[in-house]
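A closer look at the structure
In case you want the letters, here they are:
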Amino acid sequence: MRPIIFALLTAFFWGLAPIFGKMGLTKLPPLVALFIRTFSISIAVGICLLVSYMGGYLPAFTLDKRTLIFIVLEGIFASFLGHFAYFYALKEGNVSLVVPLSATYPLFALLFGILFLKESLALNKIMGALIVILGIIVMRL
């Protein structure tokens, strides 16, 4: 039940965030907005405290280089490059267009999972991808 609650919270927050982003970008260049957003997320101190409290900080200090590189790359692609492009799209486009198009990332994740991680392409994955595509088409009508 908890994953469902957190997934719904994620969808709620990701659905609400673009509204604030669009309003904030009216008088601000996207790169400056990204800087402010990233800086404001420096709640990393809070995350560090939480991780310390939960006793999970030790693995962060014993990571091998490969693991560290992959986590850093994930952050660069998701948080920096992804949000940088997202802010530019949001500044120039309508929320009702930008958000659904950017929400097609599961299709790319599916494709990359198959190509790079050798994941299988099952019927349920194909159906899910088709539903995502159909949702985008319906929203554009």
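Note that the structure is predicted; figures quoted are calculated from it, not measured. (Residues numbered from 1 in each chain as written. Predicted model: local features only at pLDDT ≥ 70, side-chain atom pairs only at ≥ 80, totals over all residues. Heavy atoms only, no water.)

Once that is clear, we can look at the overall build of the protein chain. Counting secondary structure elements, the protein chain contains eight helices and zero strands. Reading the helices (α) and strands (β) of the protein chain from amino to carboxyl end gives α-α-α-α-α-α-α-α. Restricting to contacts in the protein chain with at least 6 residues of sequence separation, those with at least 24 account for 70%. (Helix = DSSP H or I, 4+ residues; strand = E, 2+ residues; numbered from the N terminus. Contact = heavy atoms within 4.5 Å.)

Taken residue by residue, helix H2 (residues 30-40) has Pro30, Ala33 and Leu34 as its buried positions. One side of H2 carries all its buried residues, which in axial view fall inside an arc of 100 degrees. Opposite the packed face of H2, turned more than 90 degrees from it, sit the exposed residues Phe35 and Phe39. (Buried < 20%, exposed > 50% of the residue type's maximum accessible area, 1.4 Å probe, protein only. Arc of directions from axis to C-beta.)

A separate point is the environment of Phe87. Structurally, the position occupied by Phe87 is in helix H5 (residues 65-92). For the pair formed by Phe87 and Pro18, sequence separation is 69 residues and the distance between their alpha carbons is 9.0 Å. Those residues in contact with Phe87 that lie beyond four places of it in its chain are Gly21, Leu25, Pro30, Ala33, Leu34 and Arg37.

Moving on: the nonpolar core. By size, the foremost hydrophobic cluster in this structure holds seven residues: Leu25, Ala33, Leu34, Tyr86, Phe87, Leu90 and Val98. If you tally residues by element for this core, the top one is H5, at three residues. (Core = buried A, V, L, I, M, F, W, Y, C linked by side-chain atoms within 4.5 Å.)

For the rest of this paragraph, the subject is the packing of helix H6 (residues 95-102) against helix H8 (residues 123-140). One can describe the packing of H6 onto H8 by two numbers: an axis separation of 10 Å at closest approach and a directional angle of 170 degrees. One finds that H6 runs roughly antiparallel with respect to H8. Counted together, Ser96, Leu97, Pro100 and Leu101 of H6 and Ile136, Met139 and Arg140 of H8 form the full contact between these two elements. In terms of residue class, the contact of H6 with H8 is made up of five nonpolar, one polar and one charged. (Axes fitted to C-alpha atoms, helices over the stretch in contact; angles between N-to-C directions. Parallel < 35°, antiparallel > 145°, perpendicular 65-115°, else oblique. Nonpolar A, V, L, I, M, F, W, Y, C, P; charged D, E, K, R; others polar.)

In this section: the packing of aromatic side chains. Here the structure, examined in full by the defined rule, presents five aromatic pairs. An angle of 5 degrees between the planes, with centres 5.9 Å apart, marks the rings of Phe80 and Phe84 as stacked. Here Phe80 and its partner Phe84 are both found in helix H5, four residues apart, which amounts to about one turn of the helix. Both rings, one in Phe84 and one in Tyr88, keep their centres 5.1 Å apart while their planes meet at 85 degrees; by these two values the pair is edge-to-face. Of the two residues, Phe84 and Tyr88 are both situated in helix H5; the distance of four residues between them amounts to about one turn of the helix. With relative accessibility at 39%, the residue Tyr88 sits in the partly exposed group. Ring pairing ties together the aromatic residues Phe80, Phe84 and Tyr88, which thus form one cluster. (Phe/Tyr/Trp six-rings, centres within 6.5 Å; stacked < 30°, edge-to-face > 60°.)

Further remarks concern a nonpolar patch on the surface. A contiguous nonpolar surface patch, about 1,200 Å² in accessible area, is contributed by Met1, Ile5, Leu9, Phe12, Phe13, Trp14, Leu16, Ile19, Phe20, Met23 and Tyr105. With nine residues, helix H1 (residues 2-24) is the single largest residue contributor to the nonpolar patch. Tracing the sequence through the fold places Leu9 in helix H1. With a relative accessible area of 34%, Leu9 lands in the partly exposed category. (Patch = residues over 30% accessible without salt bridge, like charges linked within 9 Å, V, L, I, M, F, W, Y side chains within 5 Å. Areas by Shrake-Rupley, 256 points an atom, 1.4 Å probe, with all protein chains shown as cover. Salt bridge = Lys/Arg side-chain N within 4 Å of Asp/Glu carboxyl O.)

Residues at a pLDDT of 70 or more form 84% of the protein chain, whose mean pLDDT is 80. Ranking the elements of the protein chain by mean pLDDT puts helix H4 (residues 58-61) last, at 58, and helix H7 (residues 105-117) first, at 89. (pLDDT = per-residue confidence, 0-100.)

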